[in-house]
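# Structural description and commentary
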Amino acid sequence: VPELPEVEGYARYLASHALDQKIARVDLRDERILTIPKRRLERAVIGRKFRSVRRHGKHLFASTDGETWLHLHFGMTGDLAYYIDPAKEPRFARVIFDFENGAHLAYEDMRLFGYVDLVRDPDESIRDLGLGPDPLDPAFGLRAFRGLLSRRRGAIKSLLMSQDVIAGLGNLYVDEALFRSSIHPRRPVDGLDAEEARTLFSNIRRILQDVIARHARGADLSRRYLVMNREEGERCPACGGTIKRTVVFGRTTYYCGRHQK
Ligand SMILES: [Zn+2]
């Protein structure tokens, strides 16, 4: 499931391949992926170019030289592919932007939990979606993070999974951040002390930045990541304890039974 680091990868991919090329046509393969009528999408992009890319949480926005931005969400299986040879078209392409230069940008999504949308203004869209701050936004600091924690109750994992609190974290990287911070996923939010909040905040950022950098290099994650050891009974790469499995926020959760308290 694409989380913030993967969507950041798609944003960089779109920015490095698909900007500043005139869009000749929209090849819609499955209308279910659109939140808008096909003709509106065509009117908004044909004859225009993508100009810049912005990401907030798991949402990607591509500006056009018109009045609207393309808005993509990747659901569980969304991805982008840019290619010239039509034989490289992804199997589950739902919308393909055909450029005048003969290249194509396909939005693919096997399971159709993502969507393709148009918006006038990303900031307005972020507000309408009720999204919380993006954890990598430089304007989002420790004070703001503490503020979010102080107004909530319930398990820390549930809080970090809520897109209206912080946008972009999902099951894997929430587990990872709690693992790195030695905090049990069920710990009540109001039971965290100031030092734990600080550690958690900096680990969230460090993990996201590290994963983004590794993805960009095509490198695997470190073996010391919980992501690489998500199996019940596995040995904890941090302390040698035993990895346990439970369900929090309706999601399968892994944690170390020894060092996460
Ligand atoms: Zn451990």
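The paragraphs below set out a description of the structure included in this document. (Residues numbered from 1 in each chain as written. Predicted model: local features only at pLDDT ≥ 70, side-chain atom pairs only at ≥ 80, totals over all residues. Heavy atoms only, no water.)

## Thoughts on helix α2 (residues 38-45)
Within α2 the residues assigned to the buried category are Leu41, Ala44 and Val45. Projection of α2 onto a plane perpendicular to its axis shows the buried side chains occupying an angular sector of 80°, all on one side. Pointing more than 90 degrees away from the buried face of α2 are the exposed residues Arg39 and Arg43. In the core, the buried residues of α2 are packed alongside β1 (23-28), β3 (59-64), β4 (69-73), β6 (93-99) and β8 (115-119). Just past α2, the residue Gly47 takes up positive phi, approximately 85°. (Buried < 20%, exposed > 50% of the residue type's maximum accessible area, 1.4 Å probe, protein only. Helix = DSSP H or I, 4+ residues; strand = E, 2+ residues; numbered from the N terminus. Arc of directions from axis to C-beta. Contact = heavy atoms within 4.5 Å.)

## Brief notes about the nonpolar core
Formed by 31 residues in total, the largest nonpolar core has its most connected members in Phe145, Leu149, Ile156, Leu160, Leu200 and Ile204. For this core, the secondary-structure elements that each account for two or more residues are α4 (142-150), α5 (156-161), α6 (171-180) and α7 (194-217). Not counting residues within four places of it along the chain, the set of residues in contact with Ile156 comprises Leu149, Leu178, Ile183, His184, Pro185, Arg187, Val189, Leu192 and Leu200. One finds Val45, Leu70, Leu80 and Ala103 within the second-largest nonpolar core, a separate group that totals 30 residues. (Core = buried A, V, L, I, M, F, W, Y, C linked by side-chain atoms within 4.5 Å.)

## Considering the sheet that holds β8
Spatially, the four strands line up as an open sheet ordered β2-β3-β4-β8, and their pairing is antiparallel. The sheet terminates laterally at β2 (50-56) and β8, the two strands that pair on one side only. Neighbour-to-neighbour, the strand axes of this sheet turn through a mean angle of 25°, independent of strand direction. Pairing analysis gives five bridges linking β4 to β8, with the strands arranged antiparallel. Directly across from His73, in β8, lies its bridge partner Tyr115. Here helix α1 (residues 4-17) sits on the sheet and contacts β2 and β3; the angle it forms with β2, its principal contact strand, is near 170°. Docked against the sheet, α2 engages β3, β4 and β8, running at close to 60° with respect to β8. (Pairing = 2+ DSSP bridges. Axes fitted to C-alpha atoms, helices over the stretch in contact; angles between N-to-C directions.)

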